[in-house]
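Understanding the architecture of this molecule
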Amino acid sequence: MIDSLIQRARIAQATIDQASQERTDELVRAAAWAILEPSRNRELAEMAVRDTGIGNVDDKILKNHRKTLGLLRDLNGRKTAGVLRVDHDLGITEIGRPVGVVGAITPSTNPAATPANKAINALKARNAIILAPSPKGLGCCTKLVSYIQHELQKIGAHPDLVQCLPAPITKQSTQKLIESVDLVVATGSQSNIRNVYRCGTPAFGVGAGNVASIIDETDDLKAAAQKIIVSKTFDNATSCSSENSVVVLDAVYQDFIHEMNKQ
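Here's a quick rundown of the structure. The structure presented is a predicted model; accordingly, all values stated were derived computationally and were not measured.

**Regarding unusual backbone geometry**
Residues Ala167 and Pro168 are joined by a peptide bond in cis, for which omega reads -5 degrees. Within the secondary structure, Pro168 sits in the loop between β5 (162-164) and α7 (171-180). Of note, Arg126 is a non-glycine position whose phi angle comes to about 65 degrees, a positive value. Along the chain, Arg126 falls in the loop between α5 (113-124) and β4 (128-132). Despite not being glycine, Asp235 shows a phi value in the positive range, around 50 degrees. By secondary structure assignment, the location of Asp235 is in the loop between α9 (221-233) and β9 (243-248).

**Here's the deal with the sheet that holds strand β6 (residues 183-187)**
Paired through backbone hydrogen bonds, the strands of a sheet run either parallel or antiparallel to each other. The strand order across the open sheet built from 5 strands is β5-β4-β3-β6-β7, with neighbouring strands paired in parallel fashion. The open sheet has two edge strands with one neighbour each: β5 and β7 (203-206). Adjacent strand axes in the sheet meet at a mean angle of 15 degrees when their direction is disregarded. With 5 bridges connecting them, strand β3 (residues 101-105) and β4 associate as parallel partners. Directly across from Gly103, in β4, lies its bridge partner Ile130.

**Structural notes on the packing of aromatic side chains**
Two descriptors summarise a pair of aromatic rings, namely the distance from one centre to the other and the angle between the planes of the rings. A complete count under the given rule lists 0 aromatic pairs for this structure. In this structure, Arg40 is placed above the aromatic ring of Tyr147, and the distance from its NZ or CZ to the ring centre is 5.2 Å.

**A word on the side chain of Lys63**
Here Lys63 is to be found in helix α4 (residues 57-75). Its relative accessible area of 5% is what places Lys63 among the buried residues. Beyond its immediate stretch of four places on either side in the chain, Lys63 contacts Thr68, Asn110, Ala113, Phe234, Asp235, Thr238 and Ser239.

Basis of the calculations
- Residues numbered from 1 in each chain as written.
- Predicted model: local features only at pLDDT ≥ 70, side-chain atom pairs only at ≥ 80, totals over all residues.
- Heavy atoms only, no water.
- Helix = DSSP H or I, 4+ residues; strand = E, 2+ residues; numbered from the N terminus.
- Pairing = 2+ DSSP bridges.
- Axes fitted to C-alpha atoms, helices over the stretch in contact; angles between N-to-C directions.
- Phe/Tyr/Trp six-rings, centres within 6.5 Å; stacked < 30°, edge-to-face > 60°.
- Lys NZ or Arg CZ within 6 Å of the ring centre and 35° of its normal.
- Buried < 20%, exposed > 50% of the residue type's maximum accessible area, 1.4 Å probe, protein only.
- Contact = heavy atoms within 4.5 Å.

Listed below in structure tokens is the structure:
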């Protein structure tokens with residue numbers, strides 16, 4: 001099954017291997033619209049909370065929207081196709097080329113936003129991608145991929161540029177995937193990330209967040225407390241950027257604790 005998925009991905013990737021920057025950016029916009037379209041965003045948010053029991057719908061909608069828009073902002077104008085840079089002094093010309101087929105492990109905490117962002121990044125570099133979601137996030141990821149494939153077909157692109165592992169999601173199928181692709185990008189538990197780095201395939205991984213905020217005498221204590229509270233409660237603290245600890249200097253400790261209690 002994995003071999004079949006990868007073969008289909010390679011056939012699809014070959015259709016964009018030499019794509020222009022304009023065509024590449026069109027693929028990115030198509031994938032982004034799959035989750036940005038308001039009715040689909042809400043459907044995916046509701047499915048994510050219902051299937052995983054994690055987070056809340058309103059915040060998931062905001063997260064799906066803002067994370068995707070933020071990524072589009074970061075990628076806007078970035079050149080990934082053809083000649084990227086010429087250094088006349090060194091006589092070096094940098095040329096962007098796809099890596100091929102990407103395998104992506106995604107977590108149950110963000111079963112729509114993270115797969116969408118990984119798919120957009122892969123397409124921006126003219127790669128195909130196969131998503132391996134958490135078992136609880138499979139339904140949401142499968143629905144998202146169906147929307148992405150629909151949008152890709154609307155612009156004449158191969159739908160197999162973005163695929164998802166079918167049910168049931170097992171450790172064995174995920175392991176086979178990461179050992180068979182050209183690059184792995186993974187978001188998940190510490191054990192998952194360690195396993196990815198041992199699989200023999202080039203990999204980028206990120207585990208649980210460990211955010212520490214430092215409060216000192218130069219801070220606006222009211223604003224700092226408000227931002228920490230919002231961060232720690234947004235989508236029930238499922239984001240990696242949600243604070244895990246706050247380090248408060250002695251000079252403002254009592255005042256800051258008072259502000260946190262007040263809010």
